[in-house]
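Observations on the three-dimensional arrangement
So the chains spell out like this:
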Amino acid sequence: MESTARGLPKLTDSPCRGTSCNRCAEICPTNAINVFGSGDTTKVALDLGSCIGCSLCIDNCPTETIRENRSTELAVRRREHLLLINDHAVEKEFSKEEESPKTNPFGMSLSARVVSTGCSACDLEIGAAGNPIFDMERFGVRVVASPRHADALLVTGPVGKGMQMPLKRCYEAMTEPKSVVAVGTCAISGGVHKGSYTEANGVDSVLPVDVYIPGCPPHPWSIIDGVLKAMGKKR
Amino acid sequence: MIPLVKEVSEDNLVSSIKDWLAGGQLRRLTFVTSLDGKQLAVLLLDPLSGAAELWFTPLKGNSYKSLTLSFASCHWFERAVWDMFGLEPIGHPRLKHLLLHESYEANYYPLRANDLLCQATENDRCYKFLEVKGEGVYEIPVGPIHAGIIEPGHFRFSCFGENILNLEIRLGYLHRGIEKKLTEVDWKKARFVAEAAASDTAVANALAHAIAVESICEIDVPPLADALRTIALELERLSMHIIDVGGMAADIGFLGVSSSMSRLRGKSLEIAQALSGNRFMRGFVTPGGVSLYRAEEIGGIRANLKELANELKPVLNLFRENQTAIERMASIGVISKALVEDFGIVGVAARATDVAYDTRQYFRQGLYPEFAPNVTVADSGDILARTLVRMGEIDTSIKVIDRVLDSLDGNSCSVELPKKLRADMVGLGVVEAFRGELIHLMCTDSSGKIKRYAIKDPSQNNWTALSIAIRNNLIADFPLCNKSFSLSYGGNDL
């Protein structure tokens, strides 16, 4: 990632002061952080799938338990892998479970359909991933205009009630095999819209998701990383 | 800004508004809404004096005489009020649901405090498009999901041959319940929701929110914060105008220019990222000032801006001077000055018909109005005029950023906010977003909680202009015409 960019947070081994501090949990705009336990057993749980990358927790952590993550390789295949806990045993268990998809039909190239259900930041970044700077097409990824031509469905935004039916119909119009990529925090969990009366709680509640790309919006490099994961080109 | 709050009776409302509008030049009826369904709230702006008035009209029932009959610009807002509060505008010429579709229960009004006073007559939320009848007339439905990477909305064209007789635009697919969410979250975290209203306009939304909060708290931000806000606002305008002009070139098939513009937009986003750590400058403007400011980046920003300006110049000139491009854009998608005035069209679309309305000239936002550049206008009201206005604004934005960078002064870039908002207050933020006049209105209750938060996005005015501009043009001209307005779906649907 470029030196000037703010990354998403990550957790370190540095011991946390626990609920007596709790500043990160209080300040988080999407309640993505949970601090529990006390003394030596204190744990911090951070849900990257709810994180909007405001970096308030990083700036307000006195023990440096929460630090900036400079990596753009953030996409995962399973929702629970975005739930970080500062406990190495748990992390190892996760990485063991991480596996490539059983079949890998999109190894060489991928045609992607983009459906937006959100505020347009993620859409602009998908657009940017295709511009001459990031040039997603050199990896064999094309954005196509019809679900009939698409192997993967890239969904941005929290999928409120108004878009649930059109999104389902778009998915149904795609031929097998097909995969779904949730692009951005809203698409993963609803982000700042979670729990609203519009039932905007993410793509999961409507379609089965294969790859999750966190970020608000994700950096174009992160989007390319996620699409490559959907193609099985990356683990 | 704190608007003057006044109560006006239902019977006198229309005549009072007419009198008020006649009382001064440039006066505007900006939008109509309600607080909790028991009254109408009308916001009036007087740009020349920089003042605003908020009129409350108590209602006895759940209907009122439609203001649209007297003020055409209210038509879209009255539809939103119907959906959100169940207040029916009697006599509205095209009353249709705007934000809540069939998937919502009938008689569900998310922002209404109490149940309806009497049952609504007809509310099955079904949507009927205007039918254009006649031999050879056919319909083309497009959307809600479009072919490219773009937000969803539905267009229904009624065509005769290749001519578009009528275009009806149905929106609301992106409705995420932002206005209600803003009353539910802690007010110190509300800025993140306000910003998400339309993230291509993140800075302008954050700034309008910040100004509304600051006016309620009665605090002034340090001069450095004002300067940085101005830079951020203009950087956002610059990035979005670059991509919009590039999009015009792409739709014409002028691919050299469009590729260059998408690369150059990347450069302007890099500048934005150097300033704030984020390409969209999200989380940068906060109530009380700005956060995440890094003074050590300013030197690099200045150098990169200069480079960007130099690289933009030949590309823009190539586009401006290409006769094929000019002919493709001229005399298509024309809107008249009268339409702009009647329907309250704002931003680039208004300035392209020689209406020089730019809130930066009148309302306090960042370092404006002191730093306000001359307003860029064109007069033909067509696609070409809108593109030329955008190109002109790219130049002025660069000049403004350059000027502000030279005058950065001080170290403090934020002030502490109070623990609570003041009770029973109304705060207002008016900002010239890259699409035009953006307004955030915030009302607190007796305990200092936000009880109503209303956002008026410039697109809510301008969607009407698009559907009228494309009439009697070819169906093939629609993508170009649509791009030239560059409207927000999310900002409209909220």
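Look a little higher up for the structure.
All figures in this text were calculated on a predicted structure; none of them were measured in a lab.

Details of the overall build of chain A
Across its full length, chain A holds seven helices and ten strands. Over its C-alpha trace chain A gives a radius of gyration of 18 Å, about what one expects of a compact globule, namely 18 Å for 235 residues. On the principal axes, the C-alpha backbone points of chain A span a range of 55 × 40 × 35 Å. Taking all 235 residues of chain A together, the buried fraction comes to 60%. Counting only contacts in chain A whose residues sit at least 6 apart along the sequence, the fraction spanning at least 24 positions is 75%. Split by element, the accessible area of chain A, about 9600 Å² in all, is 49% carbon and sulfur. In chain A, 26 side chains carry a positive charge and 27 a negative one; their mean positions are 3 Å apart.

Description of the packing of helix α4 (residues 121–129) of chain A against helix α7 (residues 220–231) of chain A
Helix packing for two helices is described by the angle between their axes and how far apart those axes are. Residue and element names in this part refer to chain A. Between α4 and α7, whose axes approach to 8 Å, the crossing angle comes to 75°. The angle between the axes of α4 and α7 places the two elements in the roughly perpendicular class. Of the residues in α7, those touching α4 at Cys122, Glu125, Ile126, Ala128 and Ala129 are Pro220, Ile223 and Ile224. Its residues assigned to classes, the contact of α4 with α7 shows seven nonpolar, no polar and one charged.

Focus on the packing of aromatic side chains
On inspection of all chains with the given rule, the structure shows eleven aromatic pairs over all chains. Centroid distance Phe254(B) to Phe319(B): 5.9 Å. Interplanar angle 75°. Geometry classified as edge-to-face. Remark: Phe319(B) occurs in helix α8 (residues 298–320) and Phe254(B) occurs in the loop between α6 (223–252) and α7 (255–276); sequence separation between them is 65 residues. When its relative accessible area of 18% is taken as the criterion, Phe254(B) is described as buried. Cluster of aromatic residues (ring-pair linked, three or more members): Phe155(B), Phe157(B), Trp463(B), Phe478(B) and Tyr489(B). If you follow Lys161(A) out to its NZ or CZ, it ends over the ring of Tyr104(B), 4.7 Å from the centre. Seen from the ring of Trp76(B), Arg79(B) lies directly overhead, with NZ or CZ sitting 5.0 Å from the centre.

Let's talk about the side chain of Lys178(A)
Residues and elements named next belong to chain A. Summarising the element assignment, Lys178 is placed in the loop between α5 (161–172) and β9 (179–183). Comment: no salt bridge for buried Lys178; closest opposite-charge side chain is Glu176, at 4.3 Å. For Lys178, the side chain forms a polar contact with the main-chain oxygen of Met174, separated by 3.1 Å. Leave out the neighbours within four places in its chain, and Lys178 touches Phe106, Asp151, Tyr171, Glu172 and Asp210.

Quick notes on the nonpolar core
Residue and element names in this part refer to chain B. Ranked by size, the top nonpolar core spans 158 residues in total, and within it Leu275 and Phe319 carry the most contacts. Per-element tally for this core: the top contributor is α6, with twelve residues. Leaving out residues up to four positions away in the same chain, Leu275 has contacts with Leu228, Ile231, Ala232, Leu235, Met281, Phe284, Leu292, Tyr293, Arg294, Ile298 and Ile301.

Some thoughts on the pairing of strand β2 (residues 33–36) of chain A
Residues and elements named next belong to chain A. Side-chain alternation along β2 places Ile33 and Val35 on a buried face and Asn34 and Phe36 on a face that remains uncovered. As defined by bridge partners, β2 adjoins strand β3 (residues 43–47) across four bridges and the pair is classed as antiparallel. Bridged to Phe36 within β3 is Lys43. Between the end of β2 and the start of β3, which pair antiparallel, lie six residues, with Gly37 showing a positive phi angle near 80°.

A look at helix α14 (residues 478–485) of chain B
Residue and element names in this part refer to chain B. For α14, the tally of buried residues reaches six of eight residues, placing the bulk of the element in the interior. If you check which residues of α14 are buried, you get Phe478, Leu480, Cys481, Asn482, Ser484 and Phe485. Within two residues after α14, Ser486 carries a phi angle of roughly 45°, on the positive side.

Brief notes about unusual backbone geometry
The amide bond that connects Cys216(A) to the next residue, Pro217(A), takes the cis arrangement and shows omega of -10°. For Pro217(A), the position within the fold is in the loop between β10 (211–213) and α7. A cis amide bond, omega 15°, links Gly143(B) with the succeeding residue Pro144(B). With respect to the helices and strands, Pro144(B) occurs in the loop between β7 (137–142) and β8 (154–160). Its identity as a non-glycine residue notwithstanding, Leu26(B) has a phi of 65°, on the positive side.

Brief notes about the interface of chain B and chain A
The interface of chain B with chain A comprises 48 residues on the first partner and 55 residues on the second. Overall, the association of chain B and chain A removes approximately 4100 Å² of surface from exposure, summing both partners, and the carbon and sulfur fraction of that is 61%. Contact with chain A buries surface across chain B, with Ile145(B), Ile149(B) and Arg176(B) losing the most and accounting together for 17% of the total. The tally of links between chain B and chain A comes to one salt bridge. Across the pair Arg279(B) and Glu125(A) runs a salt bridge, and its minimum N-O distance is 2.7 Å. At the junction of chain B and chain A, the tally comes to 17 residue pairs in polar contact (both at pLDDT 80 or more).

Points about the sheet that holds strand β6 (residues 110–116) of chain A
All names here are of chain A. On the basis of which strands lie adjacent, the open sheet formed by five strands has the order β7-β6-β8-β9-β10 and parallel pairing. In this open sheet, the two edge strands, each paired with only one partner strand, are β7 (141–143) and β10. If you compare each strand with its neighbour and ignore which way they point, the axes differ by 25° on average. Strand direction decides the pairing type here: β6 and β7, joined by three bridges, are parallel. Opposite Ser111, over in β7, you have Arg142 as the bridge partner. Relative to the sheet, α5 contacts β6, β8 (152–156) and β9, its axis offset from that of β6 by approximately 165°.

Digging into the pattern of salt bridges
Evaluated as defined, the whole model comprises 35 salt bridges over all chains. Measuring nitrogen to oxygen at the nearest pair gives 2.8 Å for the salt bridge that ties Arg79(A) to Asp47(A). One end of the pair, Arg79(A), is in the loop between β4 (66–69) and β5 (83–85); the other, Asp47(A), is in strand β3, and 32 residues separate them in sequence. The structure contains a network of salt bridges with shared partners spanning Glu234(B), Arg237(B), Arg351(B), Asp358(B), Arg360(B), Glu393(B) and Glu432(B).

Some thoughts on the sheet that holds strand β1 (residues 4–7) of chain B
Within a beta sheet, neighbouring strands are joined by backbone hydrogen bonds and run either parallel or antiparallel to one another. All names here are of chain B. Read from one edge of the open sheet, four strands run β1-β4-β3-β2, paired in mixed fashion. The open sheet has two free edges, formed respectively by β1 and β2 (28–33), since each of these has just one partner strand. The average undirected angle you get between the axes of adjacent strands in this sheet is 20°. Pairing of β2 with strand β3 (residues 39–46), which is carried by five bridges, proceeds in the antiparallel orientation. Its bridge partner lying in β3, Phe31 is registered against Leu43.

Definitions and limits used
Residues numbered from 1 in each chain as written. Chains lettered and ligands numbered in written order. Predicted model: local features only at pLDDT ≥ 70, side-chain atom pairs only at ≥ 80, totals over all residues. Heavy atoms only, no water. Helix = DSSP H or I, 4+ residues; strand = E, 2+ residues; numbered from the N terminus. Rg over C-alpha atoms; globule rule 2.2 N^0.38 Å. Buried < 20%, exposed > 50% of the residue type's maximum accessible area, 1.4 Å probe, protein only. Contact = heavy atoms within 4.5 Å. Areas by Shrake-Rupley, 256 points an atom, 1.4 Å probe, with all protein chains shown as cover. Lys, Arg positive; Asp, Glu negative; His and termini not counted. Charge placed at Lys NZ, Arg CZ, Asp CG, Glu CD. Axes fitted to C-alpha atoms, helices over the stretch in contact; angles between N-to-C directions. Parallel < 35°, antiparallel > 145°, perpendicular 65-115°, else oblique. Nonpolar A, V, L, I, M, F, W, Y, C, P; charged D, E, K, R; others polar. Phe/Tyr/Trp six-rings, centres within 6.5 Å; stacked < 30°, edge-to-face > 60°. Lys NZ or Arg CZ within 6 Å of the ring centre and 35° of its normal. Salt bridge = Lys/Arg side-chain N within 4 Å of Asp/Glu carboxyl O. Polar contact = N/O pair within 3.5 Å; in protein donor to acceptor, adjacent residues only side chain to side chain. Core = buried A, V, L, I, M, F, W, Y, C linked by side-chain atoms within 4.5 Å. Pairing = 2+ DSSP bridges. Buried area = accessible area lost by both parts, 1.4 Å probe.

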